[in-house]
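# Observations on chain architecture
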Amino acid sequence: MSRGITLLGTALLVTALSKLLWNFKVKTKALVLLLMPLHRGLVLALALISSSDARAEDQRQDSGLLDHLRLITLVEPSAQRQQWLTILHQGSAAGRLEIYDKIFDNIAYFWQQRQVPMMGGDYPLNADGFNQLTTRQKSYALEPKNTAYLAVMSHVRRMLWLDEHLDWPIIDPQGLLRLNDGHSSIPSIAHRLSLLGDFYGEHQGYVFNQALDVGVKAFQRRHGLKDDGVIGPKTLAWLNLLPIERARLLAVNFVAQSDYQRELNGSYLLVNIPAFDMVLVDKDQAVLHSRVIVGKSYRQTPVMSGAISNLVINPTWTVPRKLLRQDVLPHVRKDGHYLAEKQFDVFDYQGQQQWLTPKEWQALAHTHFPYKLVQRPGEHNSLGRYKFHFNNDKNIYLHDTPTPELFANADRALSSGCIRIEKIAELANWFAFNRVNDKRTWRKLQSNKHKTQWFSLSHTLPVHLVYWTAWVDEQHLAQYRNDIYHKGSQAQIDVVEN
């Protein structure tokens, strides 16, 4: 627009000068004749730029709608949506005007079928006065009612720009790289980190310097990796991920999170499985964050929702039959003392405790083991000090652990399916203060490490086990996590009732 203003001023000046000189002698008229082509050229340039500026202004008016359509196309690609994107991006004003209503209908249906409320309500197209709104206002009314929308769109837009304008060659240094190493791929790594927002400034030379080390560690933290500054296979895999795939991950997970928002009201506990993270929300405020351990890839923690109904202090652990065969009996076959050392009591299925020698247990472990095992409370108990029970047919619950050192691992898919909580004491104390009915008994048992006690709650707390591999955090950083269970980008949710 500034170019048009400058040329307009010049054209007006030439016009005025031409008219002034025309009133002088014939020699002067020759100068006028020389100026007239310049005048016509300036007017033509002005017309072209004005047209270009008008087109740019139209595209700016459509930018919100264009972004929104790109988002849902990443989630649900279709030839029709791709055609609309082309028209919005390159088409004429008449062409865009012809497709606006179709796009509005398509976007509204996309969110309505997922029961995601929009800024203009559940059915904004039916609202009084919708047709009188400007294109920009209509676009806003169709945006999902999710506070993360603008932040996610900012990152998606950037990734799509990178995908459209830059090549993204594979970086492969053929080995590990760390601080002070030299390699020909170092400039490419620094440039890649700069494009992704983890490295600032220009890197000179082929040496892995301190500034690059800081950038690598920041990148590793954003991807749930061990932030050791070592560029290995996992870090390289994320560095080489195409921008379009990053955009798709953000889009798909944003839609999944928006879809789930209707379940998240007031107070709840949420565990994001691939992020190995738990958050406790009370009255819409996050009051506790904790690292967690979830199920291994072959013993997956299921995606589900339910409600915590009981808190158990000093829990016993009755070993599920599957874990008995796969985990416990192999130890007993090697060492008949294993059951006593781990403080297991053995019962028949009539509830009678069984007493055998270590050799007898060892021999019996090679047969069909006809008993059940119950681990006593104490330092060896696999559930630790506390257990949070919610009713479900998968035998999943939240609990403590006797091996807290495992929380230091970046990859914490280590359990048999249940969720181990690092800040278990803080979580138990919150329940004791806000939910436990018998607070007197709770206080009395704090010094007792062996008496098992179940506590009822004044009201249950919703618990949600979700599977989200990308999001934008409170610092507006795009976070990505490994798809530990190879689910793609979405997971089905089981709702269980207490």
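Remember, it's a predicted structure, so these values are computed and weren't measured experimentally.

### Some words on the pairing of strand β2 (residues 277–282)
- A large share of β2 lies buried, amounting to five of its six residues.
- Inspection of the sheet shows strand β1 (residues 268–272) paired to β2 by five bridges, in the antiparallel sense. Bridge pairing in β2 places N272 opposite D277.
- The turn joining β1 and β2, which pair antiparallel and follow one another in sequence, is formed by four residues; a positive phi near 55 degrees is taken by F276.
- Taken together, the six bridges between β2 and strand β3 (residues 285–295) define a ladder with antiparallel strand orientation.

### Structural notes on the sheet that holds strand β6 (residues 344–347)
- Taken together, three strands build an open sheet; the order of strands is β5-β7-β6 and the sheet is antiparallel. Where the open sheet ends on each side, the last strands, each with one partner, are β5 (317–318) and β6.
- When β5 meets strand β7 (residues 372–375), the two strands line up antiparallel, connected through two bridges. If you follow W317 over to β7, its bridge partner there is Q375.

### Examining helix α7 (residues 186–195)
- The set of residues buried in α7 consists of I186, I189, A190, R192, L193 and L195.
- In this structure, the buried side of α7 is in contact with α6 (149–165), α8 (210–222) and α9 (233–239).
- Looking one or two places after α7, you find G197, whose phi comes out positive at around 90 degrees.

### A closer look at the pairing of β6
- Burial along β6 is two-sided: the residues F344 and V346 and D345 and F347 are all buried.
- One ladder, built from four bridges, connects β6 with β7; its direction is antiparallel. Pairing of F347 across the sheet is with K372, part of β7.

### A word on the pattern of salt bridges
- Scanning all chains against the criterion turns up 14 salt bridges.
- Among the ionic pairs, K217 bridges to D213, the shortest N-O distance being 3.2 Å. Placement of both K217 and D213 in helix α8 is noted, with a separation of four residues, approximately one turn of the helix.
- Taking relative accessible area as the criterion, K217 reaches 28% and is therefore assigned partly exposed.
- Connected through shared salt-bridge partners, D67, R70 and R157 make up one network.

### Points about the nonpolar core
- Judged by nonpolar contacts, the single largest core of 60 residues is most densely connected at L88, I103, W111, V156, L193, L212 and L250.
- Those residues within four positions of I103 in sequence are excluded, and the remaining contacts are L65, L69, W84 and L88.

### Observations regarding the environment of H331
- Inspection of the secondary structure assignment puts H331 in helix α11 (residues 321–334).
- Between the alpha carbons of H331 and Q362 there is a distance of 9.0 Å; along the sequence they are 31 residues apart.

### A word on unusual backbone geometry
- Although it is not a glycine, F276 sits at a positive phi angle of roughly 55 degrees.
- Residue F276 is classed as buried on the basis of its relative accessible area of 6%.

### Quick look at the confidence of the model for the chain
- Put simply, the chain has an average pLDDT of 88, and 86% of its residues get 70 or more.
- pLDDT under 50 marks residues 1–22. Its contacts with residues more than four places away, or in other chains, come to 28 contacts.
- Low pLDDT, under 50, characterises residues 42–52; the predicted model gives this stretch eleven contacts beyond four residues in sequence or across chains.

### A few points about the packing of aromatic side chains
- On inspection of all chains with the given rule, the structure shows 17 aromatic pairs.
- Summarising the aromatic geometry, the rings of Y100 and F104 are spaced 6.2 Å apart at their centres and angled 15 degrees between planes, so their arrangement reads as stacked. Of this pair, Y100 and F104 both sit in helix α4 (residues 93–112), four residues apart, roughly one helical turn. Accessibility classification places Y100 together with F104 in one group, the buried group.
- Ring centres of W430 and F431 lie 5.3 Å apart, and the angle between their planes is 85 degrees; this geometry places the pair in the edge-to-face category. Here the two residues W430 and F431 agree in accessibility, since each one is buried.
- Site record: aromatic cluster; members linked through ring pairs are F110, W111, Y149 and F254.

What counts and what doesn't
Residues numbered from 1 in each chain as written. Predicted model: local features only at pLDDT ≥ 70, side-chain atom pairs only at ≥ 80, totals over all residues. Heavy atoms only, no water. Buried < 20%, exposed > 50% of the residue type's maximum accessible area, 1.4 Å probe, protein only. Helix = DSSP H or I, 4+ residues; strand = E, 2+ residues; numbered from the N terminus. Pairing = 2+ DSSP bridges. Contact = heavy atoms within 4.5 Å. Salt bridge = Lys/Arg side-chain N within 4 Å of Asp/Glu carboxyl O. Core = buried A, V, L, I, M, F, W, Y, C linked by side-chain atoms within 4.5 Å. pLDDT = per-residue confidence, 0-100. Phe/Tyr/Trp six-rings, centres within 6.5 Å; stacked < 30°, edge-to-face > 60°.

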